[in-house]
Amino acid sequence: IITLNFLLPRLMPGDPFLFLSSEEGEETAVFSEEQRQYLLEYYGLDRPLVQQYFSYMTEILKGNLGYSFYYNEKVLTIIFKRLIWTGFIVIASVILSTFTGTLLGTLSAWKRNNWIDKLLFFKLILLSEVPAFLLGLIFLFIFAANLKLFPLSGAFTHFNDYNFLQKVLDILHHAVLPVFTLTITRLGGIYLLSRNLMTSVLAKDYMKTARAKGLSERRVIFRHGLRSTMLPIITRVCLSLGSLVGGAVLVENVFAYPGLGLLMREAVMVHDYPLVQGIFLVITIFVLLANFLADMVYHRLDPRISTLQAESSR
């Protein structure tokens, strides 16, 4: 991953100092050739690719992601400033989509072949097939531009003397449409998985036993059935974090939300190699950590996994 992370930005045509000195979307250089060569030499971009690669690996091992050509600041500092905003909308959409999708899937399995099941199935699967950026544009035009219920862009209102509570409410107000867009685009997958799992669980013998004990149908489903479906759902959530971050990149550009997605677009436009590399690496690390977290949660939800691992190690 680190090797690909190093090579991909350098496959783009041009170099950082051609684009840094131009307007967005143009390639008209302002630097003289002597100035350009000096900057390439100063940042080590005139050296052979192999030497640049080993220098990059050495700095990575030291925990140094480099210095941004465009922002004139350490890459780690820039990323951490933007990571807060991306993390906020991603975590919020994960929680909302998982909770809502699981409940709707459970309800659909409970009322299988009923009009509720058919309506939910059609609507949610249809919405989940709409690309995140297109859905974001639709919400932007309807709820922000026409109805003016939400802001058009940004993460907070500038130049306003708000107290702490007003700032929090303002941030939440700006985040509604990006979070709602990400939630809707991944709701169908969680719903379908939960519906299929719950349908098979409801046919199990232990569910029939629970009903025979006189337990209410609601308790049988939400106490016994839902717990049995949690492991596959957690697997789906953790494995889909990568695609969710990719969706966040598109959504942030639609709403001009100042997270890693908008930062990535800016870095690619100006060929800021260290910043592009740093963003990709940080996203990769968080996806891997999410998978590790899933393994930890497995042991809490199903202690039998720890017992099986202990027996296999013997």
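1. Regarding the overall build of the protein chain
Consideration 1: Along its length, the protein chain carries 15 helices and 0 strands.
Consideration 2: When its C-alpha atoms are laid out on the principal axes, the protein chain stretches across 85 × 65 × 40 Å.
Consideration 3: Expressed as a percentage of its 314 residues, the buried residues of the protein chain come to 39%.
Consideration 4: Nonlocal contacts in the protein chain, meaning residues at least 24 apart in sequence, comprise 72% of its contacts between residues at least 6 apart.
Consideration 5: In the form shown here, the protein chain has an accessible surface area of approximately 18,300 Å², with 65% of it arising from carbon and sulfur atoms.
Consideration 6: If the 28 positive side-chain charges of the protein chain are averaged to one point and the 23 negative ones to another, these points end up 20 Å apart.

2. Overview of the environment of Ala-155
Consideration 1: Tracing the sequence through the fold places Ala-155 in the loop between α7 (132-146) and α8 (164-202).
Consideration 2: The class of Ala-155 is buried, set by a relative accessible area of 3%.
Consideration 3: Along the primary structure Ala-155 and Leu-172 are separated by 17 residues, whereas in three dimensions their C-alpha atoms are 8.4 Å apart.
Consideration 4: Leaving out residues up to four positions away in the same chain, Ala-155 has contacts with Trp-85, Asp-170, Ile-171, His-174, Tyr-257 and Pro-258.

3. Some words on the pattern of salt bridges
Consideration 1: Here the structure, examined in full by the defined rule, presents 4 salt bridges.
Consideration 2: Notably, a salt bridge pairs Lys-62 with Glu-59, separated by 4.0 Å at the nearest N-O pair.
Consideration 3: On the basis of relative accessibility, which here comes to 61%, the residue Lys-62 falls in the exposed class.
Consideration 4: The exposure class of Glu-59 is partly exposed, given its relative accessible area of 26%.
Consideration 5: With a closest N to O distance of 3.6 Å, Arg-82 and Glu-266 form a salt bridge. Taken as a pair, Arg-82 in helix α5 (residues 75-110) and Glu-266 in helix α13 (residues 260-269) lie far apart in primary sequence, 184 residues in all.
Consideration 6: Residue classification places Arg-82 among the buried residues on the basis of a relative accessible area of 17%.

4. With respect to the packing of aromatic side chains
Consideration 1: All told, the structure shown has 11 aromatic pairs when counted by the stated rule.
Consideration 2: Each ring, one from Tyr-38 and one from Tyr-42, has its centre 6.2 Å from the other, and the planes form 25°; the classification is stacked. Taken as a pair, Tyr-38 and Tyr-42 lie in helix α3 (residues 33-42) at a separation of 4 residues, close to a single helical turn.
Consideration 3: Each member of the aromatic cluster is reached from another via a ring pair, and the members are Phe-6, Tyr-53, Phe-54 and Tyr-56.

5. Digging into the packing of helix α6 (residues 115-128) against α8
Consideration 1: For the pair α6 and α8, interaxial distance at closest approach is 7 Å and the crossing angle is 135°. Relative to α8, the element α6 lies oblique. Viewed along their axes, α6 and α8 form a crossing whose handedness is left-handed. Of the residues in α8, those in contact with Asp-117, Leu-120, Phe-121, Leu-124, Ile-125, Leu-127 and Ser-128 of α6 are Ile-184, Thr-185, Leu-187, Gly-188, Tyr-191, Leu-192 and Arg-195.
Consideration 2: Of the residues contributing to the contact of α6 with α8, the split by class is 9 nonpolar, 3 polar and 2 charged.

6. Things to note about the side chain of His-174
Consideration 1: With respect to the element layout, His-174 can be found in helix α8.
Consideration 2: Apart from the residues lying within four places of it in its own chain, the contact partners of His-174 are Pro-151, Ser-153, Gly-154, Ala-155, Phe-156, Thr-157 and Tyr-257.

7. Re the packing of α5 against helix α10 (residues 217-228)
Consideration 1: It is at 12 Å that the axes of α5 and α10 come closest, and there the two elements cross at 125°. Comparing their axes, α10 and α5 come out oblique. Handedness of the α5/α10 crossing: right-handed. Mapping the contact onto sequence places Thr-102, Leu-103, Thr-106 and Trp-110 in α5 and Glu-217, Ile-221, Phe-222 and Leu-226 in α10.
Consideration 2: Grouping the constituent residues of the contact of α5 with α10 by class yields 5 nonpolar, 2 polar and 1 charged.

8. Notes on the environment of Lys-62
Consideration 1: Secondary-structure assignment places Lys-62 in the loop between α4 (49-61) and α5.
Consideration 2: On a C-alpha basis, the gap between Lys-62 and Arg-227 in space is 44 Å, while along the polypeptide they are 165 residues apart.

The rules behind each value
Residues numbered from 1 in each chain as written. Predicted model: local features only at pLDDT ≥ 70, side-chain atom pairs only at ≥ 80, totals over all residues. Heavy atoms only, no water. Helix = DSSP H or I, 4+ residues; strand = E, 2+ residues; numbered from the N terminus. Buried < 20%, exposed > 50% of the residue type's maximum accessible area, 1.4 Å probe, protein only. Contact = heavy atoms within 4.5 Å. Areas by Shrake-Rupley, 256 points an atom, 1.4 Å probe, with all protein chains shown as cover. Lys, Arg positive; Asp, Glu negative; His and termini not counted. Charge placed at Lys NZ, Arg CZ, Asp CG, Glu CD. Salt bridge = Lys/Arg side-chain N within 4 Å of Asp/Glu carboxyl O. Phe/Tyr/Trp six-rings, centres within 6.5 Å; stacked < 30°, edge-to-face > 60°. Axes fitted to C-alpha atoms, helices over the stretch in contact; angles between N-to-C directions. Parallel < 35°, antiparallel > 145°, perpendicular 65-115°, else oblique. Left-handed = near helix turned anticlockwise from the far one by under 90°. Nonpolar A, V, L, I, M, F, W, Y, C, P; charged D, E, K, R; others polar.

Function cannot be read off these values alone, since they describe shape.
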